[in-house]
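# Structural overview
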Amino acid sequence: MHLQELKSYAEKFREYTELRVQENRALRLTLINGNVVGNVRTSQSGVAARVFKQGKWGFACHPDVNNSTIGQVIDRATANADFLGSKENLPTVTLPGRPGEIIRDHVYANPRLTQKELIEFLREVDDHIIGKYPDLKSRNVTLSTLEMEKTLLTTDGSAAFTLVPRALVSTVMSLEKDGKPVELYEVYGGFGFFEDNFRQPDELYAKLEEQYRHLKNKSTGIYPEAGEHDCILGPDLAGILSHEAIGHTVEADIVLGGSIAADHLNQLVATPALTMIDFAHTALGRTCPVPVYMDDEGIIAEDAVLIKEGILKTFMNNRETAAHYGVRPTGNARAYAFSDEPLIRMRNTAILPGDDKLADMIASIDKGYYLMKASNGEADSTSEFMFGVVQGYEIEKGRLERAILDTTISGVAFDMLKTISMISDDMVWGCSGMCGKKQVIPVGMGGPAVKCRIRIGGK
Amino acid sequence: MEPEKIIEIGLKELKKLGAEQFELELNLAEKQEMNVHSGELKLFRTTVNNSLRISVLQEQKRGTIAVNKLDDDIIRQACREALEMARSSKPDEANAIAPRQPAATFTRGVLQPDADAMYTGLAGFVRDVKERFPRIILEEVIHDHTRNRSYFVNSNQVDYLTDRGFYTFVLVFTAREGKHTSSFNYTDLTTQSLEGKFLDRGSFSTLLAQSSEQIATRRLADKFVGDIIITPDCLGSFIGSITSYLRDMPLITGTSIYRDKLNQSVAVPGFTLRSEPLSNELEDGYFVTGDGFRAQDNVIIEEGILKSHLLTLYGANKTGRPRAANYGGNYIVDPGGKSLEDIIASTEKGILLSRFSGGNPSENGDFSGVAKNSYYIENGRIQYPVSELMVAGNLAAMLLAITDISRERINFGTHLFPWIKCANIHISG
């Protein structure tokens with residue numbers, strides 16, 4: 001829906017109201033061992049209204065977007081807030097705002113490929129993999145795209161039209177060693193349409209070679225030794241560290257839910273060399289993987305500096321928690337689908353680069369591990385975190401030695417961050433971050449490599 | 001537009017376009033959802049959503065479109081696009097649709113929600129928790145009623161209608177006193193009845209009591225091979241990981257650790273795992289599989305013997321193995337003969353594992369992760385709650401190292417699980 005058309009519904013707002021029309025368009029193509037096992041396009045769209053009244057929220061949505069349903073969802077959301085208000089009175093809260101108008105379309109810069117051409121692209125990648133690496137037990141090549149298009153209007157005058165596309169190609173390679181499977185995945189692409197990210201299949205071949213090399217090493221890998229070790233967390237791990245271990249712990253709804261971060265505001269929680277930011281849309285002069293210019297509460301987005309020189313400076317807020325803490329909201333409230341309400345979410349969370357060289361960092365470790373790629377992660381209200389690690393190497397006397405098999409690392413963030421002794425001078429964003437809370441949502445996470453003490457699970 | 005009319009438009013259009021084989025799956029969902037945030041009942045949501053999935057097989061090539069707008073033009077357009085996507089794809093002789101079966105209509109659960117009763121139950125729960133567990137912060141409680149009307153039809157004249165309605169209650173919480181915080185924990189319940197107090201159902205009061213005392217934990221500065229007693233809340237994630245090896249992709253790619261294990265021993269003789277979407281013991285289930293077959297209850301592991309993979313029609317065609325009687329879920333683990341108290345009493349050194357926060361298990365079944373909300377057991381007694389403790393093992397080996405299964409079970413409405421004790425787990429603090 002055009003923004004101007006949506007604005008005509010402002011006259012129907014009786015309380016603080018957000019009105020959002022959204023469409024998520026997705027494509028998923030999957031080749032397993034050369035067979036097309038997935039070939040699916042989806043479109044989910046509709047209109048949603050959220051109303052705040054006497055400290056209570058009402059929400060309603062409908063997949064049809066027309067004059068009648070828009071009126072209905074506003075009325076229903078208001079009635080739902082009234083329903084809760086009729087049962088219990090809460091103090092009236094004035095929600096802070098940072099209103100404005102944002103138009104952020106993303107136009108096609110390159111000719112769009114047809115479905116057949118997209119399948120052929122994947123087919124070519126798959127043919128290359130099996131031709132070059134015939135000893136693979138299996139391979140999986142998947143293309144997934146997501147375009148999130150939102151039009152938003154709020155009572156206090158915020159209005160936005162945004163389109164945020166993401167296109168990813170993932171490859172999974174599997175070998176069998178002594179009758180047991182060993183697997184490694186890689187993901188390419190990021191912000192933009194498929195055609196923005198991928199031009200020719202052969203542009204991926206050098207990266208596939210790297211993936212295969214690491215898989216071969218892993219197939220003869222060893223179990224890491226359980227216990228606490230000196231480790232280098234590569235950018236992928238540093239990214240998930242930022243997101244899981246610190247980011248979730250300082251989301252204001254989690255803080256109000258009991259997170260230990262409540263006691264650490266304006267205290268030293270990390271080495272003074274560490275600064276960590278949840279970037280809204282631009283980091284170090286470049287567009288982030290998931291740029292957010294206005295959130296789904298109509299707040300103009302700005303960076304949230306979470307840790308500055310080791311000091312925990314702020315939590316991430318929505319309008320209501322910003323009112324609770326008496327701070328300015330920074331645009332962290334986001335909804336995944338039209339049928340979802342905005343939740344406090346990270347956008348693009350990263351540790352800023354330091355001054356060290358990765359080679360020097362590895363050379364500084366007598367016995368430890370270089371951990372390169374994560375599978376999944378989880379945070380806790382205690383700031384204890386866990387990540388699955390699927391790619392890494394042992395370090396012996398300053399040199400990379402044998403690859404390691406899958407393991408899990410864990411630690412208490414506000415302790416572990418103080419053990420960081422070196423930070424590399426580069427920065428890499430992960431391209432495929434997806435965060436799960438009540439809803440899933442795309443996120444950016446990245447950073448430099450960091451040297452730290454961390455606990456490794458295993459035998 | 002009436003659902004039957006939507007189906008009719010789709011069927012006619014696909015026939016007109018010359019689609020060889022096709023499926024239409026229409027789902028109409030309505031949800032009433034109340035949310036507690038940080039101990040306060042804050043949000044009431046009413047959502048309406050649809051989904052129309054159109055899948056076409058043309059020359060054994062498959063294309064699928066899913067949309068949620070259901071007007072005449074969009075349905076016809078989706079049919080054309082699904083056919084075009086199929087034509088753009090590659091042939092696979094394993095592609096197929098379900099054969100003709102007798103038409104049927106299924107109804108289950110509570111179809112109309114009672115918002116006042118939902119509010120009363122939820123508000124009462126919040127009040128009860130504040131009174132009985134003053135250290136607990138209810139980070140989030142989601143209490144909803146969802147009604148789903150689902151139509152599945154295909155060009156082989158499969159014609160199923162399912163109308164289901166259930167209440168669910170999901171709880172995420174932490175305990176806090178002063179500056180001491182427990183790990184968060186969570187649990188859930190699916191039910192057809194709002195009678196009685198939520199606090200008395202599922203594992204709510206047990207977990208809330210445990211978290212209340214878990215604000216003071218101890219690190220176990222030890223590294224040993226011992227026992228774990230997996231609680232019913234925690235068992236779900238292990239069952240989910242184990243059954244993932246029985247599904248299409250790992251069996252098609254040949255990487256499943258259970259690919260050649262059908263009718264062989266994969267667990268101790270006392271272990272039986274069922275998938276029973278039709279069970280009267282559970283409050284939720286399903287009647288039609290995702291590929292259009294009437295679902296049946298299924299024994300996956302019977303007395304330690306693997307009796308069924310979880311293959312869809314495509315997976316069965318691709319691997320030459322039998323299609324499963326259902327597509328998994330609604331898991332029931334048969335009870336054992338010992339009480340939980342006796343199982344703990346017989347444990348020399350180990351962990352009561354209440355929540356597992358771990359990396360995705362490896363393709364070979366290896367797992368490792370952090371024991372959350374868990375307790376150290378020594379000399380047959382629970383000693384103290386632990387933190388920063390890691391456990392590691394192998395899923396396949398773990399099923400063969402089960403030493404006890406409790407006679408008590410927790411019914412979550414969607415699953416029914418006992419406590420299970422396993423030996424030879426690596427534990428490191």
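Quick caveat: nothing in here was measured; it's all calculated off a predicted structure.

## Observations regarding empty space enclosed by the protein
Residues and elements named next belong to chain A.
- Considering all chains together, one arrives at seven cavities of 30 Å³ or more under this definition.
- Its boundaries defined by the atoms lining it, the largest cavity holds a volume of some 250 Å³.
- If you go around the largest cavity, you meet 19 residues; those closest to its centre are Lys150, Thr162, Val164, Pro291 and Val292.
- Per element, the largest residue contribution to the lining of the largest cavity is five residues, and it comes from strand β6 (residues 159-177).
- Of the residues in the lining of the largest cavity, the class split is 13 nonpolar, one polar and five charged.
- Two domains each provide a minimum of three residues to the lining of the largest cavity, namely domain 1 (3-219) and domain 2 (227-456).
- By volume, the second largest cavity is sized at about 170 Å³.

## Focus on the domain arrangement of chain A
Residue and element names in this part refer to chain A.
- Taken as a whole, chain A is organised into domain 1 (3-219) and domain 2 (227-456).
- Centre-to-centre separation of domain 1 and domain 2, based on C-alpha positions: 22 Å.
- Across the contact surface, domain 1 and domain 2 share six salt bridges.
- Among the salt bridges present, the one from Lys218 reaches Asp406, with a minimum N-O distance of 2.6 Å.
- At the boundary of domain 1 with domain 2, the tally comes to 22 residue pairs in polar contact (both at pLDDT 80 or more).
- When contributions to the side of domain 1 that touches domain 2 are tallied by element, the ones reaching two or more residues are β1 (16-32), β2 (35-53), β3 (56-62), β4 (101-104), β5 (138-154), β6, β7 (180-191) and α5 (205-219).
- Tallying contributions element by element places β7 first for the side of domain 1 that touches domain 2, with eight residues.
- Among the residues forming the side of domain 1 that touches domain 2, the class breakdown is 25 nonpolar, 16 polar and eleven charged.

## Concerning the layout of surface pockets
- Its volume calculated, the second largest pocket comes out at about 930 Å³.
- Lining of the second largest pocket is provided by 38 residues; of these, Glu23, Glu25, Arg53, Gly290 and Asp291 of chain B occupy positions nearest its centre.
- When residues in the lining of the second largest pocket are grouped by element, the largest group, five residues, is from β2 of chain A.

## Comments concerning the sheet that holds strand β12 (residues 304-308) of chain A
All names here are of chain A.
- Taken together, six strands build an open sheet; the order of strands is β13-β12-β9-β16-β25-β22 and the sheet is mixed. The open sheet has two free edges, formed respectively by β13 (311-312) and β22 (428-429), since each of these has just one partner strand.
- Relative to β12, strand β9 (residues 276-279) runs antiparallel, the two sharing three bridges. Residue pairing in the sheet places Asp278 in a bridge with Ala304 of β12.
- Sitting on the sheet, helix α6 (residues 235-247) is in contact with β9, β12, β16 (348-351), β22 and β25 (444-447), with an inclination near 120 degrees to β25.

## A short note on the pairing of β6 of chain A
Residues and elements named next belong to chain A.
- Of all 19 residues in β6, 16 are buried; the element is thus mostly enclosed.
- In this structure, β4 lies alongside β6, joined through four bridges in parallel fashion. Along β6, the bridge assignment pairs Ile102 with Ala160.
- Here β5 folds back onto β6, and the loop between the two strands holds four residues, one of which, Gly157, carries a positive phi near 95 degrees.

## Describing the pairing of strand β10 (residues 223-230) of chain B
Residues and elements named next belong to chain B.
- The element β10 is largely enclosed, with a buried count of six among its eight residues.
- Where β10 lies against strand β15 (residues 349-353), four bridges are found, and the strand directions are parallel. Across the sheet, residue Ile228 finds its bridge partner in β15, namely Ile351.

## Thoughts on the environment of Ile240 of chain A
All names here are of chain A.
- Within the secondary structure layout, Ile240 lies in helix α6.
- By relative accessible area, which is 9% here, Ile240 ends up buried.
- In this structure the C-alpha to C-alpha distance between Ile240 and Ser383, which are 143 residues apart in sequence, comes to 14 Å.
- Ignoring any residue separated from it by four or fewer positions in sequence, one finds Ile240 in contact with Ala245, Ala374, Asn376, Gly377, Phe387 and Met445.

## Quick word on the state of the cysteines
- Tallied over the entire structure, the rule returns zero disulfides over all chains.
- Free cysteine: Cys435 of chain A, not disulfide-bonded; nearest cysteine sulfur from Cys288 of chain A at 16 Å.
- Residue Cys422 of chain B stays outside any disulfide, its sulfur separated by 10 Å from that of Cys234 of chain B, the closest cysteine.
- Classification of Cys422 of chain B by relative accessible area gives buried; the value is 1%.

## Observations regarding the pattern of salt bridges
- Throughout the structure, instances matching the rule amount to 71 salt bridges over all chains.
- Between Lys216 of chain A and Asp135 of chain A there is a salt bridge, with the nearest N and O atoms lying 3.0 Å from each other. Here Lys216 of chain A, found in helix α5, pairs with Asp135 of chain A, found in the loop between α3 (115-132) and β5; they are 81 residues apart in sequence, far enough to count as distant.
- Since its relative accessible area comes to 34%, Asp135 of chain A is described here as partly exposed.
- When the shortest N-O distance is used, the salt bridge between Glu33 of chain B and Lys438 of chain A registers 2.6 Å.

About the thresholds
Residues numbered from 1 in each chain as written. Chains lettered and ligands numbered in written order. Predicted model: local features only at pLDDT ≥ 70, side-chain atom pairs only at ≥ 80, totals over all residues. Heavy atoms only, no water. 1 Å grid on protein atoms, 1.4 Å probe; cavity = no way out; pocket = protein on both sides within 12 Å on 5 of 7 lines; lining within 4 Å. Points joined across faces, edges and corners; volume = space filled by probe spheres on them. Helix = DSSP H or I, 4+ residues; strand = E, 2+ residues; numbered from the N terminus. Nonpolar A, V, L, I, M, F, W, Y, C, P; charged D, E, K, R; others polar. Domains from an automatic or database assignment. Salt bridge = Lys/Arg side-chain N within 4 Å of Asp/Glu carboxyl O. Polar contact = N/O pair within 3.5 Å; in protein donor to acceptor, adjacent residues only side chain to side chain. Pairing = 2+ DSSP bridges. Contact = heavy atoms within 4.5 Å. Axes fitted to C-alpha atoms, helices over the stretch in contact; angles between N-to-C directions. Buried < 20%, exposed > 50% of the residue type's maximum accessible area, 1.4 Å probe, protein only. Disulfide = S-S within 2.5 Å.

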